[in-house]
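Chain by chain, the residues:
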Amino acid sequence: MRFKSVAIDGPAGAGKSTLARQLAQRLGYLYVDTGAIYRTVALAALRAGVDPADPAQVVPLLGGLDIQMGYGDDGVQRMYLAGEDVSGAIREHRISGAASKVSAIPEVRAFLLDYQRGLTDSHSIVMDGRDIGTVVLPGADVKVFLTAAPEARARRRLLELEQRGQEADFETILQDIRERDRQDETRPVAPLRQAEDAMLLDTTQLNLEQSLEGLLSLVKEKIAL
Ligand code: DC
């Protein structure tokens, strides 16, 4: 049996991880959040006291990195750094910017490429990130580019933070989203862009349920379920 793969790319805050996780559940596939892997590299860089934007400081760390991915009893992906569960730590705000910076370093991308590709050898997967359809899995059975207007993404993020009881300001979040878009879209290596054969899903006007239905119908166009 050949394993199936669904590649979902798009900018920060488009709902990729929530939707990709739910899609994987519906399909019975493994969900792989590749942003979490970059975040773990960023955390390692910050803990080592190095500048995440400086290749000369980050690249020498790569050989010694002990990064593992696993799944909890609840089926949720967890990240381990030198055996420590860092799944919560990598969600801190400072890690978002640092992950965007380390992910622009070609050696970091090359270091993670084989690992990400290897996951399709043993599982059918839904993988989300920025370059899954373009670089990591160019032969994916389904490719979706999931996006939404920056303002819609900022509104969702604000709501999420407020629900967690955290103080947040719409303009700051919007600025942050625009800056990350700019970093991810303009980096020379594997920039965020829609693969030519990817199907576009714009969720600006859709709620979560409608987005999931939209995603499922795109998948059904390509995979017999
Ligand atoms: O999806 P996220 O916010 O957890 O991703 C964190 C950063 O990692 C993001 O700014 C871009 C980078 N990233 C990437 O370059 N390639 C991927 N496949 C996934 C994430």
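As the structure is a computational prediction, the values presented were derived from the model and not from experiment.

1. Description of empty space enclosed by the protein
All chains considered together, the criterion is met by one cavity of 30 Å³ or more. Volume-wise, the largest cavity comes out at about 30 Å³. Looking at the lining of the largest cavity, the elements with two or more residues in it are strand S1 (5-9) and strand S7 (142-147). Looking at which element gives the most residues to the lining of the largest cavity, the answer is S7, with three residues.

2. Here's the deal with the side chain of Thr34
Mapped onto the fold, Thr34 is located in helix H2 (residues 34-47). Side-chain polar atoms of Thr34 contact the backbone oxygen of Asp128, separated by 2.6 Å. Those residues in contact with Thr34 that lie beyond four places of it in its chain are Gln116, Met127, Asp128, Gly129 and Ile132.

3. A few points about the sheet that holds strand S3 (residues 67-71)
Reading across from one edge, S3-S4-S5 is the order of the three strands in this open sheet, with antiparallel pairing throughout. Each edge of the open sheet is held by one strand with a lone partner, namely S3 and strand S5 (84-85). Sheet topology places strand S4 (residues 77-81) next to S5; two bridges connect them, and they run antiparallel. Each residue of the ladder has a partner; that of Leu81, found in S5, is Glu84.

4. Side note on the packing of H2 against helix H5 (residues 106-118)
Relative to each other, H2 and H5 sit at 135 degrees, their axes nearing to 11 Å. Classified by the angle between their axes, H2 and H5 sit oblique to one another. Judged by the sense of rotation from one axis to the other, the crossing of H2 with H5 is right-handed. Contacts between H2 and H5 pair Thr34, Ile37, Tyr38 and Val41 from the former with Val108, Arg109, Leu112, Tyr115 and Gln116 from the latter. Broken down by class, the residue content of the contact of H2 with H5 amounts to six nonpolar, two polar and one charged.

5. Side note on the site of the ligand
The full set close to the ligand counts 16 residues, and Arg39, Arg109, Arg130, Asp131 and Arg187 are the nearest of them. Measuring from an oxygen atom of the ligand, one finds a side-chain N or O atom of Arg39 at 2.6 Å. In the model, an oxygen atom of the ligand is placed 3.3 Å from a nitrogen or oxygen of the Ser103 side chain. Contact with the protein chains removes 94% of the 450 Å² of surface that the ligand exposes when unbound.

6. Digging into the pattern of salt bridges
Considering all chains together, one arrives at 15 salt bridges under this definition. Here Arg130 makes a salt bridge to Asp184, at a shortest N to O gap of 3.3 Å. On the criterion of sequence distance, the pair formed by Arg130 in the loop between strand S6 (125-129) and helix H6 (132-136) and Asp184 in helix H8 (residues 170-186) is long-range, its members being 54 residues apart. Residues Asp197 and Lys143 are paired through a salt bridge, measuring 3.0 Å at the closest nitrogen-oxygen approach.

About the cut-offs
All residue numbers refer to position in the chain's written sequence, counted from 1. With the structure being a predicted model, the display of local features is reserved for residues of pLDDT at least 70 and the display and counting of side-chain atom pairs for 80 or more, all residues being used for whole-chain, interface and lining totals. Water and hydrogen atoms play no part in the side-chain values, which are based on all heavy atoms of the structure. The definitions used throughout rest on a 1 Å grid laid over the protein atoms alone, on which a cavity is an enclosed set of points accommodating a 1.4 Å probe that cannot get out and a pocket is an open set flanked by protein within 12 Å on both sides along at least five of seven lines; lining residues are those having an atom within 4 Å of a point. Grid points are joined across faces, edges and corners, and a volume is the space filled by probe spheres set on the points. Counting from the N terminus, the helices are the DSSP runs of H or I reaching at least four residues and the strands are the DSSP runs of E reaching at least two. The term polar contact refers here to a pair of N or O atoms within 3.5 Å; inside protein, the definition further demands a hydrogen-donor-capable atom paired with an acceptor-capable atom, and it admits residues adjacent in sequence only when both atoms are side-chain atoms. Only heavy atoms enter the contact rule, under which two residues are in contact if any of them lie within 4.5 Å. When DSSP finds two or more bridges between a pair of strands, those strands are recorded as paired. To define axes, lines are fitted to C-alpha atoms, for helices over the stretch in contact only, and angles between the resulting N-to-C directions are given on a 0 to 180 degree scale. In what follows, roughly perpendicular refers to angles from 65 to 115 degrees, roughly parallel to angles under 35, roughly antiparallel to angles over 145, and oblique to any angle outside these ranges. Helix crossings get a hand from a simple test, with the near helix turned counterclockwise from the far one by less than a right angle marking a left-handed crossing and a clockwise turn marking a right-handed one. Gly counts as polar in this scheme, as do all residues outside two lists: the nonpolar Ala, Val, Leu, Ile, Met, Phe, Trp, Tyr, Cys and Pro, and the charged Asp, Glu, Lys and Arg. To be near a molecule or strand, a residue needs just one of its heavy atoms within 4 Å of it. In this description, accessible areas are obtained by the Shrake-Rupley approach with a 1.4 Å probe, and a residue is regarded as covered only by the protein chains that are shown. Each reported salt bridge corresponds to a side-chain nitrogen of Lys or Arg within 4 Å of a carboxyl oxygen of Asp or Glu.

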